[in-house]
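Here is how the chains run, residue by residue.
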Amino acid sequence: MKLSYIKSSPSIIETIKSNYETFIIQNYKFDHIGLFHDEENIYAVIQNHERYNFTLKEIQDLYDYKYKTMGAPGPMFINEIKQNFNKINLRNIYEKVNLFGQPFNAREFDNNLSIAMPSQFHPFHADLSWADNTFTFILKKEISKTEFDEIVLICESLGYYGYKYEINTDSSLPEYNYIDKENYNNQGNLTLTASSYLKTNYPNEIIEKYEEDQEFWLENKLNILTDTNFTIEQCLTDSFIRNKNSCFIDATVFIRNNIREYLSLYDTIIIAIPLSESHHENNFYDMFKINRIELLELVKRGRVKFVAYQNINRYDLNFLADVLSIDSECVLFSRRLTASSLLGIRNKTGLFGFAFDSETQYNILKSCYSSNIESLYILAESISDNMAFLEYALNQRGALAVSQFGAANFAAQIYKARGIDCYLELTTSAMGLEFAQGLGAHHFPFENTGYSEVNACKILNGIYNGVQSLSNDLRETEIQTLLSNIFTINNDMNVLELDDILSTHGRRRIPEILKEYSNLSPEELSFKIYSLNKEIRRIEKKEENISLLDLSGLVPAVAGVLMEYEGISGAGYIGLLPWVIKLIMITSGNSKLLNNETFNKLESLTLNSPSNTILVHRIRKDI
């Protein structure tokens, strides 16, 4: 390859670097020395290749066939550094995060450029040519010299430097009319579409929040991928940061349970919105057994929030506009979810989810391979295929790509070494788990008789959180049975009425109560429910004997006074407890007071029953 060709088109060297970096990361076992040039050519130096049973020609053929961008030149592979060689530095982290030299197809090129360009330059058409080293724009209106310089600066910040920039105008240039509803399952439809393409066809409620999400990524992606001080709280909107008792339900494809089940356990339910083309037998409302008015009221109360982590074209736009019109902060789009999920992975592992320059990546992989430690060898094998594409995949597909760079590949490689292929199960199950981790929410893996994510999530949990006993974990398949038997919550009752009752009594203790009854045999569950019902009948009988603000309340009080007379200190106060408890319950409409820990202990002492049993009794009465 003649160096003169590269000198005439300087930015093409970024493509050569990008291709070479992918090659050395995915073929880390070789002894790569680096890229060099003399006055004539560019060379890739590789040594000791015979040790790996490869000739230089075979390595050259592998590179040219699998790694070299079509139409771009590539280096010549040799096994020695000559005196007149000058080393070519590989891309730094900034250049990798901003995808310098990344090979794009035409659609990706247009999409990424549209994301980077300010709104005043839209609509536009752009094209570049390596043949004559020109970068041409067609705009709808004339621009100033300052605006021209701004366009050039933006392009150079994306790696397109050294071109002859030409900007022409065409007043008849049409507005974007981006519609891609016909081809759902193609590679391009997994790419997050630039907001500028959507404005003519999408409601303002959606566009406003979608643009905010896109702008967040544009401004913060370098910090997200490299800054160890960047936090999950900086990634999420205030509405999602406030969720301290939440669960995450991925309804993108699979049918999930009645919304009353989740609402009974958590203050906030975060739902991954179903895809409009997922061919669910029922729509969102039918799946969750709720109507539109009820859902919008729950959104207004802050009980239900959503994530839309795929290409926005794949969702029901009317549904999105509907919920955003009630609460503009109730939907988290893909870019922020990408960031929070990555940081959640990073906080747990200290390794996955970081961007490194390619030389550092290669050295990490080579060190793991050369260590002769099996676990490090498996680690290198698990991350080498995808490591080179971290920045590209996250930029193009957002949260949909996150599971490629977490613990799933590592776990899959461990099982592969044992002769078990579970890559697909682990990577698909990891998605919901890692989203929930980034949202600070409890995760319910999908589970039914035909397919379950539970075991895969246990494996991944072991990597993220260490080996734990999960035998008493509450499983989605048993929630309805437990709620019905313990709290007598009916899946057909009015969902808003249910929310009113549980908000009064406090739902945060319910998951722990249900865990006491989970993973039992039918016989064990039946006996435990029998014992609970028996205890509640005893509480009811005792309550009947405690008068509400009448003289019968003096009986225990007098008994307490007599006990004090006999020298039993504090007995008088204990004797007054039933009277005081009833007074508070009648005169106070403050549910926070009734759910106060001190009040619960007093009531438990008065009725001589566990506080959890008393809570079950109170909820049953209201339901």
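The rules behind each value
- Residues numbered from 1 in each chain as written.
- Predicted model: local features only at pLDDT ≥ 70, side-chain atom pairs only at ≥ 80, totals over all residues.
- Heavy atoms only, no water.
- Helix = DSSP H or I, 4+ residues; strand = E, 2+ residues; numbered from the N terminus.
- Buried < 20%, exposed > 50% of the residue type's maximum accessible area, 1.4 Å probe, protein only.
- Contact = heavy atoms within 4.5 Å.
- Areas by Shrake-Rupley, 256 points an atom, 1.4 Å probe, with all protein chains shown as cover.
- Polar contact = N/O pair within 3.5 Å; in protein donor to acceptor, adjacent residues only side chain to side chain.
- Phe/Tyr/Trp six-rings, centres within 6.5 Å; stacked < 30°, edge-to-face > 60°.
- Lys NZ or Arg CZ within 6 Å of the ring centre and 35° of its normal.
- 1 Å grid on protein atoms, 1.4 Å probe; cavity = no way out; pocket = protein on both sides within 12 Å on 5 of 7 lines; lining within 4 Å.
- Points joined across faces, edges and corners; volume = space filled by probe spheres on them.
- Nonpolar A, V, L, I, M, F, W, Y, C, P; charged D, E, K, R; others polar.
- Pairing = 2+ DSSP bridges.
- Axes fitted to C-alpha atoms, helices over the stretch in contact; angles between N-to-C directions.
- Parallel < 35°, antiparallel > 145°, perpendicular 65-115°, else oblique.
- Left-handed = near helix turned anticlockwise from the far one by under 90°.
- Salt bridge = Lys/Arg side-chain N within 4 Å of Asp/Glu carboxyl O.
- Core = buried A, V, L, I, M, F, W, Y, C linked by side-chain atoms within 4.5 Å.

A. A look at the overall build of the chain. When helices and strands are tallied, the chain shows 29 helices and 12 strands. Out of the 623 residues in the chain, the part that is buried amounts to 53%. Residue pairs in contact within the chain that sit at least 24 positions apart in sequence constitute 73% of those at least 6 positions apart. Total accessible area on the chain stands at roughly 29000 Å², and carbon and sulfur atoms take up 52% of it.

B. Local environment of helix 22 (residues 495-505). For helix 22, the complete set of buried residues consists of Val495, Leu496, Leu498, Asp499, Ile501, Leu502 and His505. Capping the start of helix 22 is the job of one residue whose side-chain oxygen sits 2.9 Å from the backbone nitrogen of Leu496: Asn494. Positive backbone phi, approximately 90 degrees, marks Gly506, located one or two places after helix 22.

C. Representation of the environment of Ile206. Within the secondary structure, Ile206 is located in helix 7 (residues 204-226). Spatially, the C-alpha atom of Ile206 lies 5.9 Å from that of Ala321, the residues being 115 residues apart in sequence. With residues up to four places along the chain from it excluded, the contact list for Ile206 reads Ile312, Leu317, Leu320, Ala321, Leu324 and Phe333.

D. Just the packing of aromatic side chains, in detail. Applying the stated criterion to the full structure yields 38 aromatic pairs. Between the aromatic rings of Phe135 and Tyr160, the centroid separation amounts to 5.6 Å while the plane-to-plane angle is 70 degrees, which identifies the pairing as edge-to-face. Taken together, the residues span a long stretch of sequence, with Phe135 in strand 6 (residues 134-139) and Tyr160 in the loop between helix 6 (145-157) and strand 7 (164-169) at a distance of 25 residues. Judged on exposure class, the residue Phe135 and its partner Tyr160 are both buried. Through a chain of ring-to-ring contacts, three or more aromatic side chains come together here, namely Phe109, Phe124, Phe135, Phe137, Tyr160, Tyr163 and Tyr165. The ring of Phe216 carries the charged tip of Arg336 above its face, separated from the ring centre by 4.2 Å. One Lys or Arg, Arg346, reaches over the ring of Phe354 and ends 4.2 Å from the middle of that ring.

E. Here's a closer look at empty space enclosed by the protein. Inspection of the entire model under this criterion finds 5 cavities of 30 Å³ or more. There is about 170 Å³ of room inside the largest cavity. Counting residues per element, the lining of the largest cavity draws most heavily on helix 16 (residues 374-387), at 4 residues. Of the pockets and cavities examined, the second largest cavity occupies roughly 90 Å³. Taken together, Leu192, Thr193, Tyr210, Asp213, Gln214, Ala308, Gln310, Ile312, Phe333, Ser334 and Arg335 make up the full set of residues lining the second largest cavity. For the lining of the second largest cavity, the secondary structure elements donating two or more residues are helix 7 and helix 14 (334-349). Take the lining of the second largest cavity: its biggest share by element is 3 residues, from helix 7. Within the lining of the second largest cavity, the residues separate by chemical class into 5 nonpolar, 4 polar and 2 charged.

F. Representation of the sheet that holds strand 9 (residues 268-272). Across the sheet, 5 strands lie side by side as 11-10-9-8-12; this open sheet has parallel pairing. Across the chains shown, the open sheet's two edge strands, defined by having one partner strand only, are strand 11 (331-333) and strand 12 (442-443). The pairing of strand 9 with strand 10 (residues 304-308) spans 4 bridges and is classified as parallel. Note on strand 10: the bridge partner recorded for Ile271 is Phe306. Of the strands in this sheet, strand 10 and strand 11 are in contact with helix 14, which crosses strand 11 at around 75 degrees.

G. Quick peek at the packing of helix 15 (residues 358-370) against helix 16. Packing of helix 15 against helix 16 brings their axes to within 8 Å, and their N-to-C directions diverge by 150 degrees. Accordingly, the angle class assigned to the pair helix 15 and helix 16 is roughly antiparallel. As for how helix 15 packs across helix 16, the hand of that crossing is left-handed. For the pair helix 15 and helix 16, the contacting residues are Gln361, Leu365, Cys368 and Tyr369 in the first and Leu376, Tyr377, Leu379, Ala380, Ile383, Ser384 and Met387 in the second. Broken down by class, the residue content of the contact of helix 15 with helix 16 amounts to 9 nonpolar, 2 polar and no charged.

H. Main features of the pattern of salt bridges. Applying the stated criterion to the full structure yields 21 salt bridges. For Glu211, the salt bridge identified is with Lys199, shortest N-O distance 3.0 Å. Within this pair, whereas Glu211 is found in helix 7, its partner Lys199 is found in the loop between strand 7 and helix 7, the two being separated by 12 residues in sequence. A relative accessible area of 27% places Glu211 in the partly exposed class. Among the ionic pairs, Glu329 bridges to Lys209, the shortest N-O distance being 3.0 Å. Separated by 120 residues along the polypeptide, Glu329 in the loop between helix 13 (317-326) and strand 11 and Lys209 in helix 7 bring together distant segments of the chain. Classification of Glu329 by relative accessible area gives partly exposed; the value is 28%. Bridged by salt links that share partners, the residues Glu297, Arg301, Arg303, Asp499 and Asp500 form one connected network.

I. Focus on the sheet that holds strand 7. Taking strand neighbours across the sheet as the criterion, the 3 strands line up as 5-6-7 in an open arrangement whose pairing is mixed. On the outer flanks of this sheet lie strand 5 (124-129) and strand 7, each paired with one strand and no other. Along the sheet, successive strands turn relative to each other by an average axial angle of 15 degrees, direction set aside. Here 6 bridges tie strand 5 to strand 6, and the two strands are oriented antiparallel to one another. By the bridge assignment, Phe124 is partnered in strand 6 with Leu139. Across the sheet, helix 5 (residues 106-116) is in contact with strand 5 and strand 6; its angle to strand 5 comes to roughly 125 degrees. Strands strand 6 and strand 7 of the sheet are contacted by helix 6, whose axis makes an angle of about 130 degrees with strand 7.

J. Expanded view of unusual backbone geometry. A cis amide bond links His122 to the next residue, Pro123, at an omega of -5 degrees. Of note, Pro123 is situated in the loop between helix 5 and strand 5. A positive phi is found at Asn372, a non-glycine position, where the angle reads about 65 degrees. The phi dihedral of Asn519 falls on the positive side, at around 55 degrees, and the residue is not glycine.

K. Quick look at the nonpolar core. Counting residues in hydrophobic clusters, the biggest one holds 145 residues, and the most contacted among them are Leu295, Phe306, Tyr309, Leu439, Ile486 and Phe487. Setting aside chain neighbours within four positions, we find Phe487 in contact with Leu482, Ile510, Ile513, Leu514, Val616, Ile619, Arg620 and Ile623.

L. View of the side chain of Arg256. Of note, Arg256 is situated in the loop between strand 8 (246-250) and helix 10 (259-263). At 2.9 Å, the side chain of Arg256 and the backbone oxygen of Phe444 are in polar contact. A distance of 2.9 Å separates the side chain of Arg256 from the side chain of Glu476, its partner in a polar contact.

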